[in-house]
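For reference, the chains in residue letters:
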Amino acid sequence: MLTVTDRDVVVVGESDGEAASSSSILDASTLRPADQAVVRHVLALPDDGVEAAVGLAALDEYEAIPVDVVADRFAIPEGLAPVVLARVQLVDALHLSQERSRMASLASRHSGVAVGWQIVQRPR
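Attention here is on the structure that accompanies the text. (Residues numbered from 1 in each chain as written. Predicted model: local features only at pLDDT ≥ 70, side-chain atom pairs only at ≥ 80, totals over all residues. Heavy atoms only, no water.)

1. As for the sheet that holds strand 1 (residues 10-15)
One open sheet holds the 5 strands; their spatial order is 1-5-2-4-3, and the pairing between them is antiparallel. Edge positions in the sheet fall to strand 1 and strand 3 (63-65), since each has one partner strand and no second. Direction aside, neighbouring strands of the sheet carry axes that sit 30 degrees apart on average. Bridge analysis of strand 2 (residues 37-45) against strand 5 (residues 113-121) gives 7 bridges, and the strand direction is antiparallel. Note on strand 5: the bridge partner recorded for Val 42 is Gly 116. Against the sheet, helix 2 (residues 47-58) contacts strand 2, strand 3 and strand 4 (81-89), and its axis sits at roughly 10 degrees relative to strand 4. Across the sheet, helix 3 (residues 93-109) touches strand 2, strand 4 and strand 5, and the angle it forms with strand 2 is around 25 degrees. (Pairing = 2+ DSSP bridges. Helix = DSSP H or I, 4+ residues; strand = E, 2+ residues; numbered from the N terminus. Axes fitted to C-alpha atoms, helices over the stretch in contact; angles between N-to-C directions. Contact = heavy atoms within 4.5 Å.)

Laid out in structure tokens, this is it:
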């Protein structure tokens, strides 16, 4: 069973472009839609907003995971802390778009920004 903390995964799709459509990124990805994936949303938040944002995301079964899993793939604005929220799910463009919007809203409510996302799966 796949978990958000598994390290034996590979990035199959990602974006740091707010305007990039989920469907275009997924079309160009190596995602296997029938297999479970971990979706990781990378947020940049002020330190005093991290705990509340993580708590709200947990209501939708997201877990905060170590930032090093995304290495230096995403630029974090100065003065903000990186937060990676992840959950296991089947991925399609509609649900990914909804989750991206939800994460952008969550970050904004806590004076931060959503800086990107990635999808990982176990290699075949």
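2. Quick word on the environment of Val 12
Along the chain, the position of Val 12 falls in strand 1. Its relative accessible area of 7% is what places Val 12 among the buried residues. A sequence separation of 52 residues divides Val 12 from Ala 64, and the C-alpha atoms of the two residues are 20 Å apart. Apart from the residues within four sequence positions on either side, Val 12 is in contact with Ser 29, Thr 30, Leu 31, Ile 119, Val 120 and Gln 121. (Buried < 20%, exposed > 50% of the residue type's maximum accessible area, 1.4 Å probe, protein only.)

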